[in-house]
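# Structure at a glance
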Amino acid sequence: MKKHLLSTSAIALGVAMAAPAAAQEWDVSFGGFMSQHVAYADISGSAVSGEDHDGVDLHSNTEIHFSPSITLDNGLTFGAHVEFEGENQTGFTQIDESYMTISSDTLGQIIIGSENSAGYKSMVGAPGVTSMYINSPSISTFIPFSAAYPGGFRQAGLSSYTEVGGNNDVQRLTYFTPSFNGLTVGISYAPTGSLNVRNSYGVDRNSVMHDIFDIGVNYSQTFGTTSVTLAARYGTAESANTYVASDPETWGVGAQLGFGDFTVGASYSKNDNDISGVPVGTAAAGDSEGWSLGVTYDMAGPWAFEALTYQGEADAIDAAGNISNNAEYEAYRIGASRDLGPGVSWDVYVAHVKADNGRTGADYEDVKGTIIGTGINLSF
């Protein structure tokens, strides 16, 4: 990120854990990323019958990050982080994340505000080198599989990076320990899971999922030319839905192993939403699980290559009261990325997705699609 130092001012800051600080300098960092993709898509399936999704299309993904910070004489660093979306998207806010951090080498890190949980931030999965992600709903920008597949956002049917009940950047308090020889532990608490990047005071806990607890463990270490990263997470909450038999949970494990120019990785996650007795007319996300597996090769020079997959299953109950058992999501991607310069890379990739709702007969719906694409990524 480019650093822009603002003019110095005298700041007196007293907190319970620290003595008053002398005059300090705020380091205000601006950064972010932009990815621009162009791809040709070939789409088929009963869920899109009569629709035309074939041909060339474009996809943009842009964020601007604002990250001021200051380190006091006592060693504590206070910072803020705000992410602005670069595109208008239906159903999404313009602010992606907004939170405060308090950290030091001995304290670890405290995060206060709208951010994903410690469990989410601790996870790892299959590695990749291109930016058209299949371990997430991103690929749906070219392949509209959501018409057939009930896997929910931030749930294991679509991604091993899960949250309890699919909550996202809700108001949350998180603590990460300092690294102990590569081992860090994080724990999070969110009062409710209903409002994304918004204050949650005044929300009736009888009507929303609440008291969300998450824990994450991550171990990362290098031994000569071999690197190892291991991760595990667990989360639970209290549900206000009368048709949920027990409180929702999520858990997952992941690993990456690097040796020489190769990195291999895998992950498995599950969301237990325990849906039962849902009244007709109420849509709800059921249990889901999924796993990723992949390998990358960083060859000498500017090129890196990848091959990876994500496989998911989900149960759901639609607005008509129909149970969709073992709906399936299969995604595969091979690709290459070339480093063009500092913060600039060029991607080429082929991705294939198959999704269906798991039903039979007249209720069966599926979507299949293959894309050939390229993208330019800027990181600044």
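Residues numbered from 1 in each chain as written. Predicted model: local features only at pLDDT ≥ 70, side-chain atom pairs only at ≥ 80, totals over all residues. Heavy atoms only, no water.

## With respect to unusual backbone geometry
Excluding glycine, a negative phi dihedral is what most residues carry, and trans is how most peptide bonds are arranged. Worth spelling out the cut-off: Secondary structure elements follow DSSP: runs of H or I of four or more residues count as helices, runs of E of two or more count as strands, with numbering from the N terminus. Only protein chains enter the accessibility calculation, which uses a 1.4 Å probe. A residue is then buried if its area is under 20% of the maximum for its type, exposed if over 50%, and partly exposed in between.
Of note, R154 is a non-glycine position whose phi angle comes to about 60°, a positive value. Along the chain, R154 falls in the loop between α1 (118-122) and β7 (171-176). Taking the relative accessible area as the measure of exposure, R154 reaches 17% and is therefore buried. The backbone of D211 shows a phi angle near 50°, a positive value even though the residue is not glycine.

## Here we look at a nonpolar patch on the surface
To keep it simple, the criterion reads: Patches in this entry comprise residues that are over 30% relatively accessible and not in a salt bridge; like charges within 9 Å are linked, as are nonpolar side chains (Val, Leu, Ile, Met, Phe, Trp, Tyr) within 5 Å. Throughout, the Shrake-Rupley method with a 1.4 Å probe supplies accessible areas, and for residues the shown protein chains are the sole cover considered. Any carboxyl oxygen of Asp or Glu within 4 Å of a side-chain nitrogen of Lys or Arg constitutes a salt bridge here.
A contiguous nonpolar patch, built from F30, I64, F66, F84, L340, W346, I376, L378 and F380 and spanning about 730 Å² of accessible area, is present on the exposed surface. Mapped by element, the contributors of at least two residues to the nonpolar patch are β3 (55-71) and β17 (366-379). Tracing the sequence through the fold places L378 in strand β17. Residue classification places L378 among the partly exposed positions, given a relative accessible area of 32%.

## What about the pairing of β17?
Note the following rule: A pair of strands is treated as paired once DSSP finds two or more bridges between them.
Sheet analysis places strand β2 (residues 27-44) next to β17, joined by 12 bridges and oriented antiparallel. Counterpart to Q36 in the pairing with β17 is I376. Pairing of strand β16 (residues 344-356) with β17, which is carried by 13 bridges, proceeds in the antiparallel orientation. Considered in β17, the bridge of D356 is made with D366.

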